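What follows is each chain in one-letter form.
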Amino acid sequence: MTSAYIALSYWDVALAAIFLVLNGALSLLLRLQLERQLAISALRMVVQLFLVGLVLKTVFAIASPWLTLLIALVMVGFAGREIRARQERRLRGVWGYGLGAGAMMLAGMIVTTTALTTQIGPDPWWSPRYALPLFGMILGNAMTGISLALDTLTTTVHREKLAIEAQLLLGYRRFDAVAPFTRRALRAGFMPIINSMAATGIVFLPGMMTGQILSGVDPAEAVKYQILVMFLIGGATGLGVLGAVLASVWRLTDNRHRLRLDRLGGPAA
Amino acid sequence: MASELRIEKLKTALIGPIDLRLGAGECVAISGPSGAGKSLFLRAVADLDPNDGEVFLGDRPRSACPAPDWRRAVALVPAESGWWADIVADHFSGGRPDPALLSALGLPDDAASWTVARLSTGERHRLAIARAIALGPQALLLDEPTAALDPAATEAVEKLIRKLLGDGIAVLLVTHAAEQAERLGARRLRLENGRLAGPAGAS
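Residues numbered from 1 in each chain as written. Chains lettered and ligands numbered in written order. Predicted model: local features only at pLDDT ≥ 70, side-chain atom pairs only at ≥ 80, totals over all residues. Heavy atoms only, no water.

All names here are of chain B. In this structure, strand E1 (residues 5–11) lies alongside strand E4 (residues 52–57), joined through 5 bridges in antiparallel fashion. When the bridges of E4 are listed, Ile7 appears paired with Val55. Pairing analysis gives 2 bridges linking E4 to strand E5 (residues 60–61), with the strands arranged antiparallel. Bridge pairing links Leu57 to Arg60 in E5. Turn length for the E4-E5 hairpin, with the two strands adjacent in sequence and antiparallel, is 2 residues, and the turn residue Gly58 shows positive phi of about 65 degrees. (Pairing = 2+ DSSP bridges. Helix = DSSP H or I, 4+ residues; strand = E, 2+ residues; numbered from the N terminus.)

Written as structure tokens, this is what we have:
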């Protein structure tokens with residue numbers, strides 16, 4: 001029972017902006033001073049999405065594995081910057097960018113590649129029409145988890161310096177001394193995906209599933225896809241968060257079991 | 001068991017080089033202006049900050065010793081103590097402090113079951129000394145051990161230090177009180193600009 005996909009005209013799309021314009025007018029009227037930000041971000045969204053649509057169209061048409069990989073790497077690059085920007089205190093040098101981005105890339109690529117080659121199985125397996133949206137969803141969630149976890153870790157370790165050093169002075173090993181704070185960081189990183197799995201289907205319908213249903217796919221099929229994607233997202237986020245946090249703990253301490261806050265930068269301005 | 005503590009060309013980015021030898025059961029008291037690096041010196045001996053140079057406990061070099069083992073043998077009590085659990089007892093190895101040790105510091109037996117949040121500064125500091133001594137160290141590094149204590153508690157801590165010295169434990173302490181160094185029979189040294197500058201009072 002696949003119904004027809006209803007194509008939208010540009011006029012339909014523009015009409016949908018009416019309510020946003022209304023919000024802007026209200027903001028002006030009530031002096032909320034949100035209208036500028038609202039307008040800019042709406043405009044950014046439109047430009048970015050048109051561009052990405054253009055890029056995807058081209059990439060799908062060219063269908064080259066190397067181009068697909070290149071786009072994936074560019075996505076990692078932007079997500080890595082986002083992780084770095086969301087941390088109040090970050091590791092000095094390349095570590096501040098590299099650990100988060102590296103863990104995210106590794107986890108995302110492992111999970112995406114496995115799903116493409118075994119479960120979804122497009123032909124060829126790297127087909128950009130499947131690989132890029134899937135990688136994007138996984139990356140976005142891993143990014144949120146990792147940035148929350150790293151921000152929690154660095155802020156807590158910085159605040160709990162006395163407690164950590166007290167344990168080191170009593171002969172605790174470095175990973176033991178930081179363990180309570182590592183756990184707190186991991187919990188912060190896992191929470192969004194745990195919450196979203198628990199609330200999915202009751203509190204909200206996930207965007208991907210909604211999109212598939214709107215474009216005429218049988219809801220039962222859309223649900224299957226969504227569950228698969230949720231598992232992949234959960235798995236990749238977990239791996240990414242774990243990798244990024246453990247690597248950061250390793251970098252924040254040294255092999256003489258010292259706390260190395262000198263490797264942590266000051267608070268971001 | 002009793003061993004001497006020998007510090008050779010100890011250096012960090014901010015202090016040193018420092019050479020110092022403490023015999024078994026010897027007490028050395030370091031004084032000096034604030035910012036001279038007294039606390040940094042103790043931290044470097046405990047290997048808590050990156051440093052160059054070597055420290056020997058008896059004939060055992062620090063570099064040949066895993067850092068956790070070293071810190072149990074050469075125990076540092078910083079001026080400000082850190083706590084990571086809710087209950088006092090959870091900060092002691094084995095989860096239960098020796099009542100004799102607590103009473104030697106003028107603390108009641110049930111101090112072990114207290115919550116850390118309700119401790120006074122003086123109680124905190126004495127409990128921090130107790131948990132370090134509970135490790136059975138062969139050398140003790142104390143950073144202003146009685147600065148936060150009232151006269152009675154100060155006396156209890158000094159009595160305990162004298163007992164440890166009698167057991168052959170080397171004690172290196174930072175103190176501003178010349179009388180305290182005298183009461184402990186300590187050799188007094190002055191630290192200035194990150195270097196040992198001879199006997200205190202000589203400058």
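Residues and elements named next belong to chain B. Of note, His125 is situated in helix H4 (residues 121–133). Of the residues examined, His125 reaches a relative accessible area of 4% and is grouped as buried. If sequence neighbours within four positions are ignored, His125 has contacts with Val77, Pro78, Ala79, Asp143, Glu144, Pro145 and Leu149. (Buried < 20%, exposed > 50% of the residue type's maximum accessible area, 1.4 Å probe, protein only. Contact = heavy atoms within 4.5 Å.)

Let's shift gears to the packing of aromatic side chains. Residues and elements named next belong to chain A. Under the criterion given, the structure shown has 3 aromatic pairs over all chains. For the pair Tyr10 and Phe50, a centre-to-centre distance of 6.1 Å together with 35 degrees between the ring planes defines the contact as tilted. Of this pair, Tyr10 sits in helix H1 (residues 10–16) while Phe50 sits in helix H3 (residues 35–62), and the two are 40 residues apart along the sequence. Taking relative accessible area as the criterion, Tyr10 reaches 66% and is therefore assigned exposed. (Phe/Tyr/Trp six-rings, centres within 6.5 Å; stacked < 30°, edge-to-face > 60°.)

A few words on empty space enclosed by the protein. All names here are of chain A. For the structure on display, the rule yields 1 cavity of 30 Å³ or more. One number sums up the size of the largest cavity: a volume of about 60 Å³. What lines the largest cavity is simply Gln87, Leu91, Trp95, Gly96, Leu99, Gly100, Leu150, Thr154 and Ser248. For the lining of the largest cavity, the secondary-structure elements that each account for two or more residues are helix H5 (95–120) and helix H6 (128–159). Taken together, the residues of the lining of the largest cavity break down into 4 nonpolar, 5 polar and no charged. (1 Å grid on protein atoms, 1.4 Å probe; cavity = no way out; pocket = protein on both sides within 12 Å on 5 of 7 lines; lining within 4 Å. Points joined across faces, edges and corners; volume = space filled by probe spheres on them. Nonpolar A, V, L, I, M, F, W, Y, C, P; charged D, E, K, R; others polar.)

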